[in-house]
Amino acid sequence: MVFSGTATRYLAEKICLSLECPLGQLQITKFSDGEFAVSYEESIRGRDIFLVQSTFPNSDNLMELLLMIDAAKRASARTINAVIPYFGWARQDRKDKPRVSIGAKLIADLLSVAGVNRVITMDLHADQIQGFFDVPVDHLYASGVILPYLQSLHLDDLVIASPDVGGSKRANTYAKYLGCPLVLCNKTRARANVVASMQIIGDVEGKNVVIVDDMVDTAGTITKAADLMKASGAKTVRACASHCVMSGPASDRVQESALEEIVFTDSIPYTQRCAKVKQLSVADMFAEAIRRVINNESISNLYIV
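Residues numbered from 1 in each chain as written. Predicted model: local features only at pLDDT ≥ 70, side-chain atom pairs only at ≥ 80, totals over all residues. Heavy atoms only, no water.

Trainee: What should I look at first to understand the nonpolar core in this one?
Mentor: Considering soluble globular proteins, one finds that nonpolar side chains tend to be buried as a cluster. Grouped together as the largest cluster of nonpolar side chains are 40 residues, with contacts concentrated most on I15, L140 and F286. Elements represented by at least two residues in this core include exactly α1 (9-19), β4 (48-52), β6 (118-122), α4 (143-152), β8 (158-162), α5 (168-178), β11 (208-216) and α8 (283-294). Among the elements that make up this core, the one with the highest residue count is α8 (7 residues). Apart from residues no more than four positions distant in its own chain, I15 is found in contact with V52, A283, F286, A287 and I290. Of all hydrophobic cores here, the second largest spans 33 residues; its members include L51, M68, L124 and F133. (Core = buried A, V, L, I, M, F, W, Y, C linked by side-chain atoms within 4.5 Å. Buried < 20%, exposed > 50% of the residue type's maximum accessible area, 1.4 Å probe, protein only. Helix = DSSP H or I, 4+ residues; strand = E, 2+ residues; numbered from the N terminus. Contact = heavy atoms within 4.5 Å.)

Take a look at the structure:
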């Protein structure tokens, strides 16, 4: 049985369509002070439950998921599987300076204490977050929908670029699969969400460049990289990322940048208007992962890279 929180219902409906099953009846009652309660409107005793909810801001989305897990545990569900297309707080995966929290570990602990039996997620900001859980984690990759789209463009003189050194592993994987060169951007930050300087490592002159990243938040890094590559002689510059955070001035920055287009999955809903933004659905990929979990089948051949 598949259920959905408020914010990710649009994706859960598409997953259910692919699975050819109805979306479960769940009621979320909100009180005037902002508190809310979760109740299942049908019996889930002895059933395998899949709860679809991304944990993007605000924190209500995470709290909804935790209450859904707790309610399912108390209603005697056989297994409780959290389907989290976008795992929030994943950027807080280590202590990069003194006296800071490790938010990703805290969220993993909250989900475990609530009673989750399995987590299905996609493109974690850091792969090691899988180790923060003591339950199985099925980690899917957006490359399964993004790479076929890039191939359909039939771009000549293609170059894959990473907007920072941290994303070089992902970009290198794409470059190897597509059989094209890799370019890196070396950036320094003044503070969070603010890029101080950036330099290109590699040749982009006369090339069709595709910048690969896991998420775009304020779009400062990716638009600065695109403008720099265009100024360095790139023929066209596109970008693709798994998660469409796109907060604050991101849409305006993308619209005014040298980017031809920016491609995301629909792990996070995008409601603002920007003609350059395109979203590809991961509903079929998650539906197939759910189907294989139910049938105790391997999901490894779902991965392109």
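Trainee: How should the pattern of salt bridges be read in this particular structure?
Mentor: One side chain can pair with another of opposite charge once the charged atoms of both are near each other. Under the defined criterion, the tally for this structure stands at 14 salt bridges. Among the salt bridges present, the one from D93 reaches R94, with a minimum N-O distance of 2.9 Å. By relative accessible area, which is 7% here, D93 ends up buried. Note on R94: relative accessible area 48%, which makes it partly exposed. For D157, the salt bridge is made with K235, and the minimal N-O distance between the two is 3.9 Å. With a gap of 78 residues between them, D157 in the loop between α4 and β8 and K235 in the loop between α6 (220-231) and β12 (236-244) connect regions that are remote in the sequence. (Salt bridge = Lys/Arg side-chain N within 4 Å of Asp/Glu carboxyl O.)

Trainee: Honestly, the sheet that holds strand β7 (residues 137-140) in this entry has me stumped. Any pointers?
Mentor: Across a sheet, paired strands are connected by hydrogen bonds in the backbone, their directions being either parallel or antiparallel. The strand order across the open sheet formed by 5 strands is β1-β4-β5-β6-β7, and the pairing between neighbours is parallel. Every interior strand has two partners, whereas the edge strands, β1 (2-4) and β7, have only one. Each strand axis lies, on average, 20° off the axis of its neighbour in the sheet, ignoring direction. As paired elements, β1 and β4 share 3 bridges and run parallel to each other. Bridge pairing in β4 places V2 opposite F50. Those strands touched by helix α2 (residues 60-74) are β1, β4 and β5 (79-84), and its axis lies near 165° from that of β5. (Pairing = 2+ DSSP bridges. Axes fitted to C-alpha atoms, helices over the stretch in contact; angles between N-to-C directions.)

Trainee: Please explain helix α3 (residues 103-114) as it appears in this structure.
Mentor: Structurally, the α-helix is built with 3.6 residues per turn, so residues lying three or four positions apart point the same way. Compared with an ideal rise of 1.5 Å per residue, which puts 12 residues at 16 Å, α3 spans 16 Å between its outermost C-alpha atoms and is within 8% of the ideal. If you follow the buried residues of α3, they end up packed against α2 and β5. Taken from the residues just after α3, G115 is the one with a positive phi, measuring 120°. (Expected span 1.5 Å × (residues − 1).)

Trainee: What should I look at first to understand the environment of E256 in this one?
Mentor: Mapped onto the elements, E256 comes out in helix α7 (residues 250-256). For the pair E256 and D134, spaced 122 residues apart in sequence, the C-alpha to C-alpha distance is 45 Å.

So far we have only geometry, and geometry alone does not tell us how the molecule works.
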